[in-house]
Amino acid sequence: MSELLVDFITSLDGHASGEGWPGFWGLEGPEYLAWLGKQPEATYLMGANTYRLMSGFAAGEVPNGQDEFRPEEEASVDELTQASKVVFSSSLEKPLTWAHSTLVRDDAVEAVRAMKSSGSGLLSTIGSLSLCRSLLRAGLVDRFRVVMFPVITGATGEERIYDGYPDVALEMIEHRTFDGRIQLVEYKPRVLEHPPLGVPA
């Protein structure tokens, strides 16, 4: 059975991106990049908007506010290009042009449920906030990981991650700090029907 990881890179105030900010908010360091390079092979799950954005980067489109990719960003996109990707969309058309990408028009929750039960290895989301929210609500997420960068993007932040989420209890399974400033927290999530009635033990 496959394991499903929801994986976010955020500002401290929970934005997935910020207008005018480079990838990783320009704050990635050697320790963090080395850790990224050692991550296990995964099949990446995404929606149409993330596909359009990332496939554009892979085709050479530079993010707004930048003249060119930094080497770290280019390496990250190259690695993603080589990985297996599943794209959930009713608006995109076949064939998808980004290498190793498969288009699925079926309901994403049911499709991922089937992928988990019939497959092996790691499934990991990238971006795709509404997809992640749907998979969490359905109880399909095994691990919920957030890497927080030390910025507050109150004026320029975009894509608020947790809006529309249910209440979720989080059991910590890993935490670490990279380069003295970047904080990783990883949890086993449990969606709550109502707030807990007592104080957790």
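Just so you know, these numbers come straight off a predicted model, no measurement behind them.

Draft legend 1. Structural detail: the sheet that holds strand β7 (residues 143–149). With mixed pairing, the 8 strands of this open sheet are ordered in space as β5-β4-β3-β6-β1-β7-β10-β9. The strands lining the two open edges of the sheet, one partner per strand, are β5 (101–104) and β9 (168–178). This sheet shows a mean twist of 25° between the axes of neighbouring strands, independent of strand direction. Bridge count between β7 and strand β10 (residues 182–191): 5 bridges; the pairing is antiparallel. When the sheet's bridge partners are listed, Val 146 is paired in β10 with Val 185. In the packing of helix α1 (residues 30–37) onto the sheet, the strands contacted are β1 (3–11), β7, β9 and β10, and the crossing angle to β9 comes to about 120°.

Draft legend 2. Spotlight on the packing of helix α2 (residues 48–58) against helix α3 (residues 71–82). Close contact between α2 and α3 brings their axes to 9 Å; oriented N to C, the two are set at 110°. By the angle between their axes, α2 is roughly perpendicular relative to α3. Considering the relative orientation of α2 and α3, their crossing is left-handed. Across the interface between the two elements, Met 54, Phe 57 and Ala 58 of α2 pack against Val 77, Leu 80 and Thr 81 of α3.

Draft legend 3. Structural detail: the nonpolar core. Leu 4, Phe 8, Leu 45, Phe 88 and Leu 135 are the most contacted members of the largest nonpolar core, which totals 25 residues. Taken together, the elements giving at least two residues each to this core come down to β1, β4 (84–88), α4 (108–118), α5 (129–137), β7 and β10. Here this core gets 5 residues from one element, more than from any other, and that element is α5. Discounting chain neighbours no more than four positions away, the residues touching Leu 135 are Leu 4, Ala 108, Val 109, Val 112, Thr 125, Leu 140 and Val 141. Listed in part, the 13 residues of the second largest apolar core include Met 54, Phe 69, Val 77 and Val 87.

Cut-offs applied
Residues numbered from 1 in each chain as written. Predicted model: local features only at pLDDT ≥ 70, side-chain atom pairs only at ≥ 80, totals over all residues. Heavy atoms only, no water. Pairing = 2+ DSSP bridges. Helix = DSSP H or I, 4+ residues; strand = E, 2+ residues; numbered from the N terminus. Axes fitted to C-alpha atoms, helices over the stretch in contact; angles between N-to-C directions. Contact = heavy atoms within 4.5 Å. Parallel < 35°, antiparallel > 145°, perpendicular 65-115°, else oblique. Left-handed = near helix turned anticlockwise from the far one by under 90°. Core = buried A, V, L, I, M, F, W, Y, C linked by side-chain atoms within 4.5 Å. Buried < 20%, exposed > 50% of the residue type's maximum accessible area, 1.4 Å probe, protein only.

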